[in-house]
Amino acid sequence: MNRRIEMGDNRQKILIIDDEPDIVMYLTTLLEDHDYNVVSASDGQKGLELAKTEAPDLVCLDIMMPKKTGVALYQEIKTDPDLKKIPCIIISAYESAYSFKGQAFRRLIKDDTIPAPLNFFEKPLDIPVFLGFIDDFLSKAKKNDT
Amino acid sequence: MTPDHPKVDWPRKALFDQIPLDIIVIDQDFTIIEANKQAQKTHPDWRGKKCFEIYHGRKRQCPDCSAVETFKDGKTRIEHTENTDEQGNIHHYEVHVSAYKDEDGNIPYVIEMANDVTDRVTLEQDYRLLFDNVPCYISVIDKDFKVVDSNALFRKTFAKEGTRYCYEMYKKRDKVCTKCPAVRSFKTGKQYTSLQVGVDKDGNQTHYVVTAAPHKKNGGAVDHVIEMSLDISEVIQLQEKLKQAEQEKLENERFAAVGQTVAGLAHGIKNILMGLEGGMYVVNSGLKRANNDLVASGWGMLQNNITKISSVVKEYLSFARGTETKAQLVNPVGIAKEVYELYKDLAQQSDISLVANLQEGIPDAPMDPEGIHTCLANLISNAIDACVVSDKEKNTITVSCSEKDNVIAYEVEDNGTGMDYEVKKKIFSNFFTTKASGQGTGLGLLVTRRIIFEHGGKVSFESVLRKGTVFRIELPRNRLPKVDTSEDNSEGK
């Protein structure tokens, strides 16, 4: 949290990784309106770099992306000692996001030591539910932090 | 006993006793006056007995006795008789009945020589049993096509009362059938097999495979032909059912394709919907913040997603409309050539060499040329995209057309980026695109698969990440659609 004080920005930081510029624009505006500091990447590779340099409080990941898919990126984050504590949520349209829970997720990620993502959200987003979850989670995280 | 009965003395006596036949001599009263050793073996108490007593256990002369006639005219006769031994076994005999004439030409005695033909008769009976019960129709016909012998199954199935000729029986015709294998068999002395449709006694259509085999007596000219027919009506019925099942399966596959189209469309629309919602949100947010740049971005998002949805809807409509396959006889290689020519330069512009590997001499096939053209164009266009984003120095795409075992196969192989597990998993089951926005609706492969389904074929692929991908279209000839003639008819009108 030191970095944030240095930067003079007390807002919690959310990293959005999605190859669809419209989605990035939408989520950035939405989350900024709700007082979050948003950084974004349009592919998995850039996303991983930003996760390292920006130390976000939360990552919102798309599944289907060029260069590095959301699932591969998630695996890398969760196996990197510096990054693995960063909470991740998945936002996806190409399959019912709910099917990513449990078995479907385990079929994609065979490593049992990797925990399931914090949550899954299906596109188009149900905004009150999505924001409710993020606000709730990050406010709890902030409390624990302080 | 007559005193001057023929003297049987040595060596005649020896011959009489050694000959492997039962020989007895009877007088005009049918009393046995002499019996050789072989005859004595079975009837040791023959002396003074009548032949009908010993051989048939009768008290009176047999009603159809050949000896009676031979005593009258002196002619030799052959009769067939049977009797039962003490163990209850039936024996069959072939009996030669011949006259013994004295110097005056009178016939005081008759000699009966009985050959035990039980083995032969049993064998004949076995053959007859086999002949009658073998599960195929057997008839033996002479040169006039008259049935001179037949087995029970044939008679039961085909022989109506009053019919004599094979064409009457098999086909209820009044003259020899065209393409008759028996005619050829009589002519050449060889065996022929052919598929025929006949009519049974009850008027039911019967499908059978007939084999006409020549029968030559003494190795000379063919005097009879044996027709052996196997009823395959059930097989034909099964074949029809199988065809129907295949058709139903094809229909189901088509329904499944439509279902997946809807799922694919829903996926595409979900993304666009989120883009539209986002656009509205960003415009509102920009207005609230009095940030014109943000308003402009949101407006751009709205425009972008409205363009997208209109192009998806247009493509979907053309996809939905184009479900009718208009098949015509075309050359499979010709279509591949056309698409190759069309894409050769385009590929070259992106520094990709497009190679055609087309098998010569593939016969024409009923296909929708436009449909197949679309499929190949889609696959080649995808392959070009996969090569463009690949980091290889030299990219090649090979389009091939071949035929093996009546299956026409098209292949489009590239050494582009290849696909990873997730892309492979989703490539057909749920339609999506990996291309940047505005570069594709994700309907291309779905359209391809739908067209190939309509042709009764399948689309498959193999792909290795960073190595490349090969898409394969397989079209079994027996599942291809029928040539569409509706257009010709309308032109005719």
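Residues numbered from 1 in each chain as written. Chains lettered and ligands numbered in written order. Predicted model: local features only at pLDDT ≥ 70, side-chain atom pairs only at ≥ 80, totals over all residues. Heavy atoms only, no water.

(A) Summary view of the overall build of chain B. In terms of regular secondary structure, chain B is built from 15 helices and 17 strands. Contacts spanning at least 24 positions in sequence make up 56% of the contacts within chain B whose residues lie at least 6 apart. When the accessible surface of chain B is split by element, carbon and sulfur atoms take 52% of a total near 28,600 Å². (Helix = DSSP H or I, 4+ residues; strand = E, 2+ residues; numbered from the N terminus. Contact = heavy atoms within 4.5 Å. Areas by Shrake-Rupley, 256 points an atom, 1.4 Å probe, with all protein chains shown as cover.)

(B) Structural view of the environment of Lys13 of chain B. In this fold, Lys13 of chain B is placed in helix H1 (residues 12–18). Placed 24 residues apart in sequence, Lys13 of chain B and Lys37 of chain B show a C-alpha to C-alpha distance of 9.9 Å.

(C) Structural detail: a positive patch on the surface. Taken together, Lys156, Lys160, Lys172 and Lys201 of chain B make up a surface patch of like positive charges. For Lys172 of chain B, a relative accessible area of 33% gives the class partly exposed. (Patch = residues over 30% accessible without salt bridge, like charges linked within 9 Å, V, L, I, M, F, W, Y side chains within 5 Å. Salt bridge = Lys/Arg side-chain N within 4 Å of Asp/Glu carboxyl O. Lys, Arg positive; Asp, Glu negative; His and termini not counted. Charge placed at Lys NZ, Arg CZ, Asp CG, Glu CD. Buried < 20%, exposed > 50% of the residue type's maximum accessible area, 1.4 Å probe, protein only.)

(D) Representation of unusual backbone geometry within the structure. Put simply, Lys123 of chain A and Pro124 of chain A share a cis peptide bond, and its omega is -5 degrees. Along the chain, Pro124 of chain A turns up in the loop between strand E5 (119–122) and helix H6 (127–145). Positioned with a positive phi, Asp405 of chain B is a non-glycine residue whose angle comes to about 50 degrees. Mapped onto the elements of the fold, Asp405 of chain B is located in the loop between strand E14 (395–404) and strand E15 (407–414).

(E) Just the packing of helix H11 (residues 332–349) of chain B against helix H12 (residues 369–388) of chain B, in detail. Residues and elements named next belong to chain B. One way to put it is that H11 packs onto H12 with a least axis distance of 9 Å and a crossing angle of 30 degrees. Taken as axis vectors, H11 and H12 run roughly parallel relative to one another. Helix-helix and strand crossings are classified by hand; for H11 and H12 the assignment is right-handed. Of H12, the residues touching H11 (which contributes Ile335, Ala336, Glu338, Val339, Leu342, Tyr343, Leu346 and Ala347) are Pro369, Ile372, His373, Leu376, Ala377, Ile380, Ser381 and Ile384. (Axes fitted to C-alpha atoms, helices over the stretch in contact; angles between N-to-C directions. Parallel < 35°, antiparallel > 145°, perpendicular 65-115°, else oblique. Left-handed = near helix turned anticlockwise from the far one by under 90°.)

(F) Local environment of H12 of chain B. With 20 residues, H12 of chain B ought to run about 28 Å at 1.5 Å a step, and its terminal C-alpha atoms sit 28 Å apart, in line with that. The set of residues buried in H12 of chain B consists of Gly371, Ile372, Cys375, Leu376, Ala377, Asn378, Leu379, Ile380, Ala383, Ile384, Ala386 and Cys387 of chain B. (Expected span 1.5 Å × (residues − 1).)

(G) Fine view of the sheet that holds strand E2 (residues 32–35) of chain B. Residues and elements named next belong to chain B. The strand order across the open sheet formed by five strands is E2-E1-E5-E4-E3, and the pairing between neighbours is antiparallel. Two strands bound the open sheet, and with one partner strand each, they are E2 and strand E3 (77–84). Strand-to-strand, the axes of this sheet are offset by a mean angle of 30 degrees, without reference to chain direction. With eight bridges connecting them, E3 and strand E4 (residues 90–100) associate as antiparallel partners. Among the inter-strand pairings, Arg77 is bridged to a residue of E4, identified as Val97. (Pairing = 2+ DSSP bridges.)

(H) Structural context of the packing of H12 of chain B against helix H14 (residues 444–454) of chain B. Residue and element names in this part refer to chain B. Contact geometry of H12 with H14 gives a least axis separation of 9 Å together with a crossing angle of 145 degrees. Along this stretch, H12 crosses H14, giving a crossing that reads as left-handed. On H14, the residues that touch Gly371, Ile372, Thr374, Cys375, Asn378, Leu379 and Asn382 of H12 are Gly444, Leu445, Val447, Thr448, Ile451 and Ile452.

(I) Expanded view of the sheet that holds strand E1 (residues 13–17) of chain A. Residue and element names in this part refer to chain A. Strand order in the open sheet made by the five strands is E2-E1-E3-E4-E5, with parallel pairing throughout. With partners counted over all chains shown, the strands left at the sheet margins are strand E2 (37–41) and E5, one partner each. For this sheet, the mean inter-axis angle between neighbouring strands, taken without regard to orientation, is 20 degrees. With five bridges joining them, E1 and E2 adopt parallel strand pairing.

(J) Representation of the environment of Gly189 of chain B in the model. Residue and element names in this part refer to chain B. Position of Gly189 relative to the elements: it lies in the loop between helix H8 (181–188) and strand E8 (192–199). Sequence separation of Gly189 and Pro214 is 25 residues, and the distance between their C-alpha atoms is 5.6 Å. Setting aside anything within four residues of it in sequence, one finds Gly189 in contact with Arg184, Pro214, Lys216 and Val222.

(K) Region of interest: helix H2 (residues 21–33) of chain A. Here H2 of chain A is 13 residues long and its end C-alpha atoms lie 18 Å apart, about the 18 Å a rise of 1.5 Å per residue gives. Residue Asp35 of chain A follows H2 of chain A closely and has a positive phi angle near 65 degrees.

(L) Fine view of the packing of aromatic side chains. Scanning the entire structure with this criterion turns up 16 aromatic pairs over all chains. Consider the rings of Phe133 of chain A and Phe137 of chain A, whose centres lie 6.2 Å apart with planes at 5 degrees: the pair is stacked. Taken as a pair, Phe133 of chain A and Phe137 of chain A lie in helix H6 at a separation of four residues, close to a single helical turn. For Phe137 of chain A, a relative accessible area of 23% translates into the label partly exposed. Taken together, a centroid distance of 5.5 Å and an interplanar angle of 5 degrees make the contact between Tyr165 of chain B and Tyr167 of chain B stacked. For Tyr165 of chain B, a relative accessible area of 19% puts it in the buried group. For Tyr167 of chain B, a relative accessible area of 11% translates into the label buried. Following the ring pairs from residue to residue traces out a cluster consisting of Tyr137, Phe154, Phe158, Tyr170 and Tyr208 of chain B. (Phe/Tyr/Trp six-rings, centres within 6.5 Å; stacked < 30°, edge-to-face > 60°.)

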